Amino acid sequence: MTAPILEARGITKRFGGVVAVNDASLTVGKGQIVGLIGPNGSGKSTMVNLVSGELMPNEGTFLFNGTDITSLPSHRRARLGMARSFQLLRLFHSLSVEDNLLLANHMRMKASIAASIFGRSSAREEEQRARARARELLAWFDLQDFADRPVSALSIGQQRMVEIARGMMSEPSLFVLDEPAAGLSPPNVDKLIQLVRRLRDEFGVSILLVEHVMRVVRDLCDHVVVLDSGVKIAEGAPDAVVKDPVVIEAYIGTGWKRRAQG
Amino acid sequence: MRVYLIALLAFAGLAVAPFGIGGYETNVLMMVLFFVILAVGLDLVTGYCGQFSFATGAFYGIGAYTAAIMTRDFNTTIWVHLPAGAIVAGLFGLLLGIPALRLKGHFLAIVTIAFQTIVYLVISQWTSFTGGQVGLPMPNAGPVTVFGVTLFEFGSLRSYYWLTLAMTALTLLISWRLVNSRLGREWVAIRDDETLASAVGLDTTRGKLTAFVAYAALAGVAGVLTAHSLRGVTPDDYTIWISATVVAMMVVGGRGTFIGPILGAVFLAILPELLGKFAEYKMLIYGVLLVLVVTLMPEGVVGRLRARAAR
């Protein structure tokens, strides 16, 4: 395995008496696509929110590129090169597609806020460069015609693409995709699979992929981690993991063999 | 460019207005300008950044009392009071911004109401410092001198009007630059989706605090101008009714549209003058207007017009 970009060690998160994630560990290697799967309520979403810094773990450590980021809030993690998409689409709905991308580039801008307020040329030129890059990226995602449209005017599939383009705008080294296939039609799922692979191959982004759609996981992932009731129950190559009896049991319940035979 | 041209024409018209109208009308215009500053300031924090505040009257009063107390204790002039009022109100804005880091929506609104109440109680009850219910008198601003040469005497209604007009132009220009800067875009991002704003690397703490400080500082400037042009301060000019009036102006005009709150302030500030003896019912009329606008077009008049133009 290549050097790890993200390491989660012994992560535990409790909500009152409920243990949502229990002593879970996972590693994403540089240039890898790692899948995180599990039945509903298994703690996947909690784990994603812990990785991105929206939630703080009760126990455990997160290392990002070897640095301890456990106590950093989400905007600091983003600045270190971590981007994410959301299971339920999140976009700045009153802004244009281009402005949505531009905001993801703010943290990389060097000119001061004061320079921007006074309209200094350094700030103006920097913004022009960022807008040009946003347009390039939108063209890459085949969204160039929508740059000036409000995001609310786009279809769900297009909004999903804007979300991923926004993530790429921040030039991340790790992209956390939270159920990107949710709500997409089957042809769009095919496009998504190709696109995520190209993100890794052309931009060299490492990806942590949380997904329900098994086809996406089997086609894309180098490595899969399975959670059930907050506990890691299996990990390995996707084809091996989906045949693991423990995993099958977690998904469809105990006694499946007996019922299948009967 | 067209925006700047229209603004320039409007200000040129307002600048020559006192030659064509009487003292009463000039006073009304000046009061309209105070409300324009207050409404545009509130729009920064509520319309753009999405943080409710019912404390406009408190910051307005903090600016006014800063000017009055400095005049009494240090014998300073309006040129010192304008920046001082902005800074003192801005610092209190920072203070009120801190709960906004944890609280949202109604809960934040309640905290701002509490802050407004505390400020009112302090200025009306701390008699030895603020003059209590009677307030404090203020002398004329005096002559304006440059290197010992007197340019003009400050004291006439017109001179206060022109100063207010100039400060209105300045505050509008600053606000316009703010909302069109990177910072203004971050305010809108925080209003739209705070979780996402943080996930794309924006410092939402900085965003909210700067919005509160800008809002409070503008209200502070309006307060200094008001204190000087009214030749004094009394607590009843800085109550929660002012806060509610400014909220109505912003909402009726259109939150986050910049021009909307300006038009809202002009319309709602002049309205009572046109009502004659019914002017005492103005809060009732504001209330009915607010309910109608919030239910029928929550985006406000300008917001509705823009949405229609975009279709």
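See above for the structure.
As the structure is a computational prediction, the values presented were derived from the model and not from experiment.

A. Summary view of the overall build of chain A. Assigned secondary structure in chain A consists of eleven helices and ten strands. Its C-alpha atoms give chain A a radius of gyration of 20 Å, near enough to 18 Å, the size a compact globule of 262 residues would have. Pairs at least 24 apart in sequence give 65% of the contacts found in chain A among residues at least 6 apart. Total accessible area on chain A is roughly 11,600 Å²; 50% of this is exposed by carbon and sulfur atoms. Both charge centroids of chain A, one from 32 positive and one from 29 negative side chains, sit 2 Å from each other.

B. Quick look at the packing of aromatic side chains. Residues and elements named next belong to chain B. Scanning the entire structure with this criterion turns up eleven aromatic pairs over all chains. Geometrically, the ring pair formed by F19 and W162 is tilted, given 5.7 Å between the ring centres and 45° between the ring planes. On the criterion of sequence distance, the pair formed by F19 in helix α1 (residues 2–20) and W162 in helix α7 (residues 157–179) is long-range, its members being 143 residues apart. On the basis of relative accessible area, W162 is assigned to the partly exposed category, the value being 33%. Ring geometry for W126 versus F129: centroids 4.7 Å apart, planes at 40°, classification tilted. Its relative accessible area of 46% is what places W126 among the partly exposed residues.

C. Geometry of the interface of chain A and chain B. Residue-level contacts link 31 residues of chain A with 22 residues of chain B. When chain A packs against chain B, close to 2,300 Å² is buried across both sides, 58% of that on carbon and sulfur atoms. Of all residues in chain A, A:F92, A:I113 and A:I117 give up the largest surface area on contact with chain B, accounting jointly for 27% of the area buried on that side. Inspection of the region where chain A meets chain B yields two salt bridges. With a closest N to O distance of 2.7 Å, A:R90 and B:D193 form a salt bridge. Applying the counting rule to chain A against chain B returns 13 residue pairs in polar contact (both at pLDDT 80 or more). Counted by class, the side of chain A that touches chain B contains 14 nonpolar, eight polar and nine charged residues.

D. Here's a closer look at the pattern of salt bridges. Scanning all chains against the criterion turns up 26 salt bridges over all chains. A salt bridge links A:R160 to A:E163; its shortest N-O distance comes to 3.5 Å. Remark: A:E163 and A:R160 occur in helix α6 (residues 156–169); sequence separation between them is three residues, near one turn of the helix. Via salt bridges that share partners, A:E98, A:D99, A:E127, A:R131, A:R135, A:D148 and B:R185 belong to a single interconnected network.

E. Representation of helix α11 (residues 240–253) of chain B in the model. Residue and element names in this part refer to chain B. Given a rise of 1.5 Å per residue, 14 residues ought to cover 20 Å, and the 20 Å separating the end C-alpha atoms of α11 matches this to within 8%. Where burial is concerned, most of α11 is hidden: eleven out of the 14 residues are buried. Of all the residues in α11, the buried ones are I242, S243, T245, V246, V247, A248, M249, M250, V251, V252 and G253. Here the buried face of α11 lies against α2 (23–48), α3 (56–74), α5 (105–125), α12 (259–274), α13 (282–296) and α14 (300–310). Looking one or two residues past α11, G254 carries a phi angle of roughly 130°, positive in sign.

F. Layout of a nonpolar patch on the surface. Residue and element names in this part refer to chain B. On the surface, F278, Y281, L284, V288, L292 and L296 cluster together into a nonpolar patch covering about 630 Å² of accessible area. With respect to the helices and strands, the residue V288 is situated in helix α13. Judged by relative accessible area, which is 45%, V288 ranks as partly exposed.

G. Structural view of the packing of helix α3 (residues 97–105) of chain A against helix α8 (residues 182–192) of chain B. For the pair α3(A) and α8(B), the least separation of the axes is 11 Å and the interaxial angle reads 105°. In this view, α3(A) runs roughly perpendicular relative to α8(B), as classed from their interaxial angle. Two secondary-structure elements touch here, α3(A) through A:D99, A:L102 and A:L103 and α8(B) through B:R185, B:E186 and B:A189. The class makeup of the residues in the contact of α3(A) with α8(B) is three nonpolar, no polar and three charged.

H. Up close: the pairing of strand β7 (residues 174–178) of chain A. Residue and element names in this part refer to chain A. Counting buried residues along β7, five of its five residues qualify, which places the element largely inside the surrounding structure. Burial of β7 is two-sided: the residues L174, V176 and D178 facing one way and the residues F175 and L177 facing the other way are all buried. When strand β6 (residues 82–84) meets β7, the two strands line up parallel, connected through three bridges. In the sheet register, A83 faces β7, and the bridge partner there is F175.

What counts and how
Starting afresh in each chain, residues are numbered from 1 along the sequence in its written order. Ligands are numbered from 1 and chains lettered from A, in the order in which they are written. For this predicted model, a pLDDT threshold of at least 70 governs which residues receive local features, and a threshold of 80 or more governs which side-chain atom pairs are given and counted, while totals over whole chains, interfaces and linings are taken from all residues. The basis for the side-chain values is all heavy atoms of the structure; hydrogens and waters are excluded. Strands are runs of DSSP state E lasting at least 2 residues, helices are runs of H or I lasting at least 4, and numbering of each runs from the N terminus. Based on C-alpha atoms, the radius of gyration is set beside the globule rule, defined as 2.2 Å times the residue count to the power 0.38. A contact between two residues is defined here by any heavy atoms of the two lying within 4.5 Å. Methods summary: accessible areas were calculated by the Shrake-Rupley approach with a probe of 1.4 Å, and residue burial reflects only the protein chains presented. Charge assignment in this entry is limited to Lys and Arg as positive and Asp and Glu as negative, and neither His nor the chain termini are counted. In plain terms, the charge of a residue is placed at NZ if it is Lys, CZ if Arg, CG if Asp and CD if Glu. We call Phe, Tyr and Trp rings a pair once their centres come within 6.5 Å, taking the six-membered ring for Trp, and we label the pair stacked below 30 degrees between planes, edge-to-face above 60, and tilted otherwise. Accessibility here uses a 1.4 Å probe with only protein chains present; expressed as a share of the type maximum, an area under 20% marks a residue as buried, one over 50% as exposed, and anything in between as partly exposed. A 1.4 Å probe defines the accessible area here, and the buried area is the portion of it lost by two parts on being joined, summed over both. A pair is scored as a salt bridge if a Lys or Arg side-chain nitrogen falls within 4 Å of a carboxyl oxygen belonging to Asp or Glu. Two N or O atoms form a polar contact when they lie within 3.5 Å of each other; inside protein one atom must be a possible hydrogen donor and the other a possible acceptor, and for residues adjacent in sequence the pair counts only when both atoms belong to side chains. Following the grouping adopted for this structure description, the nonpolar residues are Ala, Val, Leu, Ile, Met, Phe, Trp, Tyr, Cys and Pro, the charged ones are Asp, Glu, Lys and Arg, and the polar ones are all others, Gly among them. Expected helix span is taken as 1.5 Å per residue step, with the number of steps being one fewer than the number of residues. A residue counts toward a patch only above 30% relative accessible area and without a salt bridge, and it is joined to like-charged neighbours within 9 Å or, for Val, Leu, Ile, Met, Phe, Trp and Tyr, to nonpolar neighbours within 5 Å. To get an axis, a line is fitted to the C-alpha atoms, and for a helix only the part in contact is used. The angle between two axes follows their N-to-C directions and goes from 0 to 180 degrees. With respect to orientation, any angle under 35 degrees is reported as roughly parallel, any angle over 145 as roughly antiparallel, any angle of 65 to 115 as roughly perpendicular, and every other angle as oblique. In this description, strands pair whenever DSSP reports at least two bridges between them.

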